[in-house]
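If you want the building blocks of each chain, they are given just below.
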Amino acid sequence: MSEPLLAVENLRIDLTIGGVHHAAVKDVSFTIGRGETFGLVGESGCGKSVTALALIGLLRPPLSVGAGAIRFKGHDLAQIGADDMRRLRGASVSMIFQEPMTALNPLSPVGRQIAEMFVLHKGATWVEAEKRAVEALASVRVPAPDRRAKDYPHQLSGGMRQRVMIAIALACGPDLLLADEPTTALDVTVQAEILELIRDLSAARGTAVLMISHDLGLIANMCARVGVMYAGRLVEEREAEDVFRDPAHPYTAGLIASLPLLGARARHGRARLQEIEGVVPSVTAFPAGCRFNPRCAERLERCAADDPAETALAAGGRVRCWRHG
Ligand SMILES: Nc1ncnc2c1ncn2[C@@H]1O[C@H](COP(=O)(O)OP(=O)(O)OP(=O)(O)O)[C@@H](O)[C@H]1O
Ligand SMILES: [Mg+2]
């Protein structure tokens, strides 16, 4: 098999408080192949965003990469220098965020902000770059792109701003796009359009995507393979289909049961949503053993004492659960 585009190996991300390192993310490993769309899913605070930020060199204190490797196109992004990372960012790996307003410059017309990518990374002249920016706006299906290019971010709707972010992120033809909850802040109908846009453009250009969401339904629709995170750990990694048919981790099963449609079906048509009982532990107070054990209905005796190792599943994929270990 050829080498994956991205290989995250035993990544640890430390949250350092008063000189004490807390592993906000621990031993997370996954790969993304060229052109593949991989999904990361899990409840708020499980470490999805910090994982993505680590991949693009944007972790800032009190967060830092504590251990592990992030192999991408011959580099280890866990070790790479700031200058090299700046060259890769935008050109080879780029990111879109939940709220594009925070990522866009409020004082610069959006066309100019897209053009900047061509000037910075492709050596284009400003005249050339502004022309390509209009084409880029057209490619993300912004109507009247030549006029919209002159607009400032606040003049655009949330959906249009996210299209601009996608245009910036894809301007230089990156190999990998990190999409961190790209549609959470948008209306439902706009959400669907933006997801379709990301799917179409990445497929047409062969861009690999790391899609991040707390919504397992969305992830399963968009991605062939899924990683489920809980409290800083990757607890399950599978083909999306397999996750739904036969979740291996009790946490994954809980996520599926809490999905409106699938959950209802799984409970023989009862319409009430089932929630996973208990709360997500905070980074400074992760329980011993399996981090999910206090909330787990299928807990064994050893779960409170021993941290489960990763087990390969016969059907493919991996799980961290003593019931499989
Ligand atoms: N700048 C920061 N300072 C301190 N703690 C942080 C910081 N950023 C993240 N954390 C902590 O790190 C953990 C992981 O956060 P992260 O933002 O990656 O979660 P997430 O899975 O993206 O959640 P959400 O679904 O809410 O976006 C959380 O416990 C969070 O409180
Ligand atoms: Mg997040």
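Residues numbered from 1 in each chain as written. Chains lettered and ligands numbered in written order. Predicted model: local features only at pLDDT ≥ 70, side-chain atom pairs only at ≥ 80, totals over all residues.

Draft legend 1. Structural detail: the sheet that holds strand 5 (residues 75–76). Sheet architecture is open: 4 strands sit in the order 2-1-4-5, paired in antiparallel fashion. Pairing within the sheet leaves two strands with one partner each, and these edge strands are strand 2 (20–32) and strand 5. As defined by bridge partners, strand 1 (residues 6–17) adjoins strand 2 across 9 bridges and the pair is classed as antiparallel. By the bridge assignment, A7 is partnered in strand 2 with T31. In this fold helix 1 (residues 48–55) packs onto strand 1, strand 2 and strand 4 (63–72), with an angle of close to 115° to the strand it touches most, strand 1. (Pairing = 2+ DSSP bridges. Helix = DSSP H or I, 4+ residues; strand = E, 2+ residues; numbered from the N terminus. Contact = placed C-beta atoms within 7 Å. Axes fitted to C-alpha atoms, helices over the stretch in contact; angles between N-to-C directions.)

Draft legend 2. Here's a closer look at the sheet that holds strand 6 (residues 93–96). If you trace the 8 strands from one edge of the open sheet to the other, you get 6-7-8-3-9-10-12-11, paired in mixed fashion. A strand with exactly one partner marks an edge of an open sheet, and here the two such strands are strand 6 and strand 11 (311–312). Summarising the sheet, strand 3 (residues 37–41) and strand 8 (residues 208–213) pair through 5 bridges and their orientation is parallel. Considered in strand 8, the bridge of L40 is made with I212. With respect to the sheet, helix 7 (residues 158–170) is in contact with strand 6 and strand 7 (176–180), its orientation differing from that of strand 6 by roughly 175°.

Draft legend 3. Structural context of the packing of helix 4 (residues 110–122) against helix 7. At their nearest, the axes of helix 4 and helix 7 sit 8 Å apart, and the two run at 15° to each other. As summarised for this structure, helix 4 and helix 7 are arranged roughly parallel, according to the angle between their axes. Once helix 4 is placed against helix 7, the crossing between them reads as right-handed. Contact residues: V110, Q113, I114 and M117 in helix 4; V164, A167 and I168 in helix 7. Looking at the contact of helix 4 with helix 7, its residues break down into 6 nonpolar, 1 polar and no charged. (Parallel < 35°, antiparallel > 145°, perpendicular 65-115°, else oblique. Left-handed = near helix turned anticlockwise from the far one by under 90°. Nonpolar A, V, L, I, M, F, W, Y, C, P; charged D, E, K, R; others polar.)

Draft legend 4. Quick look at the nonpolar core. Grouped together as the largest cluster of nonpolar side chains are 89 residues, with contacts concentrated most on I114, L137, A167, L176, L178, A179 and L210. With 8 residues, helix 7 is the largest single contributor of residues to this core. Counting residues domain by domain, this core receives three or more from each of domain 1 (35–58 + 85–92 + 176–319) and domain 2 (99–173). In this view, L210 contacts I32, F38, L40, A52, L176, L178 and A179; residues no more than four positions away in its chain are not counted. (Core = buried A, V, L, I, M, F, W, Y, C linked by C-beta atoms within 7 Å. Buried ≥ 20, exposed ≤ 12 C-beta atoms within 10 Å, placed from the backbone. Domains from an automatic or database assignment.)

Draft legend 5. Molecular detail of helix 11 (residues 250–257). Taken together, the buried positions of helix 11 are occupied by P250, Y251, T252, G254 and L255. Tucked into the core, helix 11 has its buried residues touching helix 9 (216–222), strand 9 (225–230), strand 10 (233–239) and helix 10 (240–245).

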